[in-house]
Amino acid sequence: MMNATPHKRFPWIWYLLALLVIGALAFAPIGSVMLCGAIANAYGCKVDEGSVHPCIISGHDYGELLYSLGVMGWFMLVTIPGGLVAFVSWLIFLILHRVAWRKRISAGIPPPIPPPPAIA
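Described in the following lines is the structure provided in the data block. (Residues numbered from 1 in each chain as written. Predicted model: local features only at pLDDT ≥ 70, side-chain atom pairs only at ≥ 80, totals over all residues. Heavy atoms only, no water.)

1. Things to note about the overall build of the protein chain
Applicable threshold: The helix and strand labels rest on DSSP assignments: H or I over at least four residues marks a helix, E over at least two residues marks a strand, and numbering proceeds from the N terminus. Burial here depends on accessible area, computed with a 1.4 Å probe over protein chains only, as a share of the maximum for the residue type. Under 20% is buried, over 50% is exposed, and the range in between is partly exposed. Contacts are assigned to residue pairs with any non-hydrogen atoms lying within 4.5 Å of each other. For every accessible area listed, the method is Shrake-Rupley and the probe measures 1.4 Å; residues are considered covered only by the protein chains on display.
A tally of regular secondary structure across the protein chain gives three helices and two strands. The helix and strand sequence of the protein chain, counted from the amino end, reads α-β-β-α-α. Expressed as a percentage of its 120 residues, the buried residues of the protein chain come to 18%. When contacts within the protein chain are restricted to residue pairs at least 6 apart in sequence, long-range pairs at least 24 apart make up 68% of them. When the accessible surface of the protein chain is split by element, carbon and sulfur atoms take 74% of a total near 9,300 Å².

Written as structure tokens, this is what we have:
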């Protein structure tokens, strides 16, 4: 005899979305440094952390912007360890949630939020 109520699927999509956000925030400074390097190489500009160098692109000086993008790489000293802590927390929460979900499903207990009533 089959169970009349279908089992609710585990919310993998939310966990994957959270993991993508954690990864994007942790590695964002690397992206800013890569963008800075790509722009500087494409236009033959010099960029370093010591000072701002002029970089003329289409008649405008983007040296200050490139300098800022390059120096933002130092945020990696905070975002990478923070991302690691967030990832470990995410993994622990995922494991605990998955174990509790499996126990609830195997025991036949309905999900904690009841489905909305059917409209006739």
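Once the structure has been displayed, the description carries forward.
2. Structural notes on helix H1 (residues 12-43)
Worth spelling out the cut-off: The span expected for a helix works out to 1.5 Å for each residue beyond the first. One axis is fitted to the seven residues ending at the residue and one to the seven starting there. The bend at that residue is the angle between these axes.
Spanning 32 residues, H1 covers 44 Å between terminal C-alpha atoms, matching the ideal 46 Å at 1.5 Å per step. Along H1, the helix axis deviates most sharply at phenylalanine 27, where the bend reaches about 50 degrees; the proline proline 29 sits within four residues downstream. Listed as buried for H1 are Tyr15, Ile22, Ala26, Pro29, Ser32, Cys36 and Ala40. Where H1 is buried, its residues touch helix H2 (63-71) and helix H3 (76-107). Phi turns positive, to about 70 degrees, at glycine 44, one or two residues after H1.

3. Remarks on H3
With 32 residues, H3 extends 45 Å from end C-alpha to end C-alpha; this agrees with the ideal 46 Å at 1.5 Å per step. All of the buried residues in H3 are Gly83, Trp90, Leu94 and Trp101. Of the residues flanking the end of H3, it is glycine 108, one or two places downstream, whose phi is positive at about 80 degrees.

4. Points about the environment of histidine 53
Put simply, the rule is: N or O atoms closer than or at 3.5 Å make up a polar contact, with two conditions inside protein: a donor-capable atom paired with an acceptor-capable one, and, for residues adjacent in sequence, both atoms drawn from side chains.
Following the sequence through the fold, histidine 53 ends up in the loop between H1 and strand E1 (56-57). Counting along the chain gives ten residues from histidine 53 to glycine 63, while the straight-line C-alpha distance between them is 5.4 Å. The residues contacting histidine 53, other than those within four sequence positions of it, are Lys46, Asp48 and Gly63. A distance of 2.9 Å separates polar atoms of two side chains, one belonging to histidine 53 and the other to aspartate 48.

5. Notes on the state of the cysteines
What counts is decided by this rule: Criterion for a disulfide: a pair of cysteine sulfur atoms within 2.5 Å.
Enumeration over the complete set of coordinates arrives at one disulfide. What pairs with cysteine 45 in a disulfide is cysteine 55, and their sulfur atoms sit 1.8 Å apart. The chirality of the disulfide connecting cysteine 45 with cysteine 55 is right-handed, given an S-S dihedral of about 65 degrees. Residue cysteine 45 is located in the loop between H1 and E1, and its partner cysteine 55 is located in the loop between H1 and E1; the two are separated by ten residues in the primary sequence. According to the relative accessible area criterion, cysteine 45 is buried, its value standing at 14%.

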